[in-house]
Amino acid sequence: MFPVKATTGNLLFMIYNGKKLRTIWFDTDENVVKIIDQRYLPFEMVIESITTCDEMCRAITDMYLRGAPLIGVAAAYGVWLALLECANSSNPQEAFRTSMERLSTTRPTAVNLLWAINRVMRAIDGVSDLKERTTITFKLAGEMADEDADICRSIGEHGLTIIENLYRKLGRPIQVLTHCNAGALATVDYGTATSPMYIARERNIPIHVWVDETRPRNQGRLTSWELQQADIDNTVICDNTGGYLMQQGKVDMVIVGTDRVTANGDVANKIGTYLKALAAHDNDIPFYVALPSPTIDWSLEEGVSSIPIEERSPEEVLAIDGDIDGKRSSVRLFSSGIKAKNYGFDITPARLVTGFITEKGICKPNELKTFFGR
Ligand code: MRU
């Protein structure tokens, strides 16, 4: 991978070198897949070229890129890279199989990963010519990226109606709380949970967003940076603050993203989401989940006992990374020998979810199946 570094100095939201930027794209000048390396944000804009399936696997596992919808599109490009590479192998079938095994286990919770790989596999099923398989996959990966941006934009339009209604009722800026980053950086463009916020800004509906810092990886800094670029008023809070704000009447609604929703409406999302849902329920505050349809896992009836929860390195809890005098640095938080557990996600039961904001409209958890014609 070849990082191209640039400062975020005068950067407008997702505009880079005068061009609107997505989180992943195929660079036609250089014939290479490029991604924004989110590990450096919000301090530096680093763009990486991904040239092999192995590099894509590392980019997903080590969270150069992250967020369920983006992981899905990255996986589709990963399949394409694997097909390109296996053409040079003495045993193309075996080489491809090994790459797919690795790609499909890069991150276990976001169902978009398997959804994307399966979709590509279905498209090339029965096509024996390797060149043709490669061409079909490349085209599909690009289509999936465009589709994701369209889905997110629609989620924004539907979610906006909730914010608009609250604004009509309350006649003051709407206070929204969000957890983790379900923004443009977590998708190809727009984001899911943030998309209604961007559209509210476009339409001059005043909002203020409480941004959970989201330990241990602090994705809140991505969300606050994104919102700042879009000129949306926001305030970062520690993960434990939301309940207090809700009791004080300072939160009108919660919107979060999701990594997997099961057929009954249970929601996997970043660790800590469940606690926010409980606090929202206790305070009668609507709790919405922005849900693109590829994130629904119809094969699982419920989530609490069946969604695989990613466990990451304890090091992410024991140390914290940030910027010291313009240099990306890591600082130890605990004395040596201390144990830590690092679950990446939790499950919010369907009963705590007010509604799903999907690209097709808004529905309640118990309406999910009929809403999608299942
Ligand atoms: O571990 P991450 O940063 O990939 O987790 C991301 C989230 O939990 C998001 O809320 C989710 O993927 C939805 S992104 C539109």
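Asks: Would you mind going over the overall build of the chain in detail, with residue names and values included?
Replies: Scanning the chain from terminus to terminus reveals eleven helices and 19 strands. The C-alpha atoms of the chain give a radius of gyration of 20 Å, which matches the 21 Å a tight globule of 374 residues would have. Counting contacts in the chain only where the partners sit at least 6 residues apart, residues at least 24 apart contribute 75% of the total. Of the roughly 16,300 Å² of accessible surface on the chain, a fraction of 50% belongs to carbon and sulfur atoms. With 40 positive and 48 negative side-chain charges, the chain shows a separation of 2 Å between the mean positions of the two kinds.

Asks: Describe the site of the ligand, and please don't skip the residues or the numbers.
Replies: Taken together, 18 residues lie near the ligand, and Arg 66, Arg 107, Gln 219, Asn 269 and Lys 270 sit nearest. Between Gln 219 and the ligand, the recorded distance is 2.8 Å, taken from a side-chain N or O atom to an oxygen atom. Separating an oxygen atom of the ligand from a side-chain N or O atom of Asp 259 is a distance of 3.0 Å. Look at the ligand: alone it shows 420 Å² of surface, and the protein chains cover 100% of it.

Asks: Explain the packing of helix H2 (residues 68-86) against helix H4 (residues 112-124) to me, and be specific about the residues and the numbers.
Replies: It is at 7 Å that the axes of H2 and H4 come closest, and there the two elements cross at 40°. Accordingly, the angle class assigned to the pair H2 and H4 is oblique. Between H2 and H4 the crossing geometry is right-handed. Each of Ala 68, Pro 69, Ile 71, Gly 72, Ala 75, Ala 76, Val 79 and Leu 83 in H2 lies in contact with H4, whose residues at this interface are Asn 112, Leu 113, Ala 116, Ile 117, Val 120 and Ile 124. Within the contact of H2 with H4, the residues separate by chemical class into twelve nonpolar, two polar and no charged.

Asks: With reference to specific residues and values, describe the packing of aromatic side chains.
Replies: Enumeration according to the criterion identifies six aromatic pairs in this entry. When the ring of Phe 26 is compared with that of Trp 80, the centres are 5.7 Å apart and the planes differ by 85°; the resulting orientation is edge-to-face. In this pair, Phe 26 sits in strand E4 (residues 24-27) while Trp 80 sits in helix H2, placing the two residues 54 residues apart along the sequence. An angle of 65° between the planes, with centres 6.4 Å apart, marks the rings of Tyr 77 and Phe 138 as edge-to-face. Remark: Phe 138 occurs in helix H5 (residues 130-170) and Tyr 77 occurs in helix H2; sequence separation between them is 61 residues. Taken together, the aromatic side chains of Phe 26, Tyr 77, Trp 80 and Phe 138 make up a single cluster linked through ring pairs. A cation over a ring is seen here: Arg 39 above Tyr 64, with NZ or CZ 3.6 Å from the ring centre. Here the guanidinium or amino end of Lys 360 rests over the ring plane of Phe 372, the centre of that ring lying 5.3 Å away.

Asks: Break down the packing of H4 against H5 for me, citing the residues and quoting the values.
Replies: Viewed as axis vectors pointing N to C, H4 and H5 meet at an angle of 140°, and their least axial separation amounts to 10 Å. Relative to H5, H4 is oriented oblique. The element H4 and its partner H5 pack so that their crossing is right-handed. Taken together, the residues of H5 that come into contact with H4 (itself represented by Trp 115, Ala 116, Arg 119, Val 120, Ala 123 and Ile 124) are Arg 133, Ile 136, Thr 137, Leu 140, Met 144 and Glu 147.

Asks: Describe in detail the pairing of strand E16 (residues 327-332), supporting the description with residues and values.
Replies: Residues in a regular strand project their side chains so that they alternate between the two faces of the sheet. Examined bridge by bridge, strand E15 (residues 319-324) and E16 share six bridges and lie antiparallel to one another. Its bridge partner lying in E16, Asp 321 is registered against Ser 330. In this antiparallel pair of consecutive strands, E15 and E16, the connection spans two residues, and Asp 325 shows a positive phi of 50°.

Asks: Tell me what's going on with helix H3 (residues 92-104), and back it up with residues and numbers.
Replies: In an α-helix, one turn spans 3.6 residues, which is why side chains three or four residues apart end up on the same side. Look at H3: 18 Å from first C-alpha to last across 13 residues, which is about the 18 Å you get at 1.5 Å a residue. The complete set of buried residues in H3 reads Phe 96, Ser 99, Met 100 and Leu 103. Each buried residue of H3 lies within a common arc of 100° when the element is viewed along its axis, so the set occupies one face. Structurally, H3 contributes buried residues whose contacts are with helix H1 (53-61), H2, H4 and H5.

Asks: Residues and numbers for the sheet that holds strand E9 (residues 234-237), please.
Replies: Taken together, seven strands build an open sheet; the order of strands is E9-E8-E7-E10-E13-E18-E19 and the sheet is mixed. Looking at the sheet topology across the chains shown, the edges are occupied by E9 and strand E19 (361-363). For this sheet the average axis-to-axis angle between neighbouring strands, irrespective of direction, equals 25°. As paired strands, strand E7 (residues 174-178) and strand E10 (residues 253-256) are joined by two bridges and run parallel to one another. What sits directly across from Leu 177, in E10, is Val 254. H5 contacts E7, strand E8 (207-212), E10, strand E13 (287-290), strand E18 (355-358) and E19 of the sheet and is inclined by roughly 130° relative to E18.

Asks: So what's going on with the sheet that holds strand E12 (residues 267-270)? Which residues, and what values?
Replies: Spatially, the four strands line up as an open sheet ordered E14-E11-E12-E17, and their pairing is mixed. Two strands bound the open sheet, and with one partner strand each, they are strand E14 (296-297) and strand E17 (345-348). Sheet analysis places strand E11 (residues 260-262) next to E12, joined by two bridges and oriented antiparallel. Paired with Val 261 across the two strands is Val 267, which belongs to E12. Here helix H9 (residues 273-282) sits on the sheet in contact with E12 and E17, set at roughly 30° to E17.

Asks: Describe the nonpolar core, listing the residues and the values that go with them.
Replies: Grouped together as the largest cluster of nonpolar side chains are 40 residues, with contacts concentrated most on Ile 24, Met 56, Ile 60, Leu 65, Tyr 77, Val 79 and Leu 103. Mapped onto this core, the elements with two or more residues apiece are E4, strand E5 (32-36), H1, H2, H3, H4 and H5. When residues in this core are grouped by element, the largest group, 14 residues, is from H2. Those residues in contact with Tyr 77 that sit more than four places away from it in its chain are Ile 24, Phe 26, Val 33, Met 56, Phe 138, Ala 141 and Gly 142. Of all hydrophobic cores here, the second largest spans 26 residues; its members include Val 176, Met 197, Met 253 and Ile 255.

What counts, and where the lines are drawn
- Residues numbered from 1 in each chain as written.
- Predicted model: local features only at pLDDT ≥ 70, side-chain atom pairs only at ≥ 80, totals over all residues.
- Heavy atoms only, no water.
- Helix = DSSP H or I, 4+ residues; strand = E, 2+ residues; numbered from the N terminus.
- Rg over C-alpha atoms; globule rule 2.2 N^0.38 Å.
- Contact = heavy atoms within 4.5 Å.
- Areas by Shrake-Rupley, 256 points an atom, 1.4 Å probe, with all protein chains shown as cover.
- Lys, Arg positive; Asp, Glu negative; His and termini not counted.
- Charge placed at Lys NZ, Arg CZ, Asp CG, Glu CD.
- Near = heavy atom within 4 Å.
- Polar contact = N/O pair within 3.5 Å; in protein donor to acceptor, adjacent residues only side chain to side chain.
- Axes fitted to C-alpha atoms, helices over the stretch in contact; angles between N-to-C directions.
- Parallel < 35°, antiparallel > 145°, perpendicular 65-115°, else oblique.
- Left-handed = near helix turned anticlockwise from the far one by under 90°.
- Nonpolar A, V, L, I, M, F, W, Y, C, P; charged D, E, K, R; others polar.
- Phe/Tyr/Trp six-rings, centres within 6.5 Å; stacked < 30°, edge-to-face > 60°.
- Lys NZ or Arg CZ within 6 Å of the ring centre and 35° of its normal.
- Pairing = 2+ DSSP bridges.
- Expected span 1.5 Å × (residues − 1).
- Buried < 20%, exposed > 50% of the residue type's maximum accessible area, 1.4 Å probe, protein only.
- Arc of directions from axis to C-beta.
- Core = buried A, V, L, I, M, F, W, Y, C linked by side-chain atoms within 4.5 Å.

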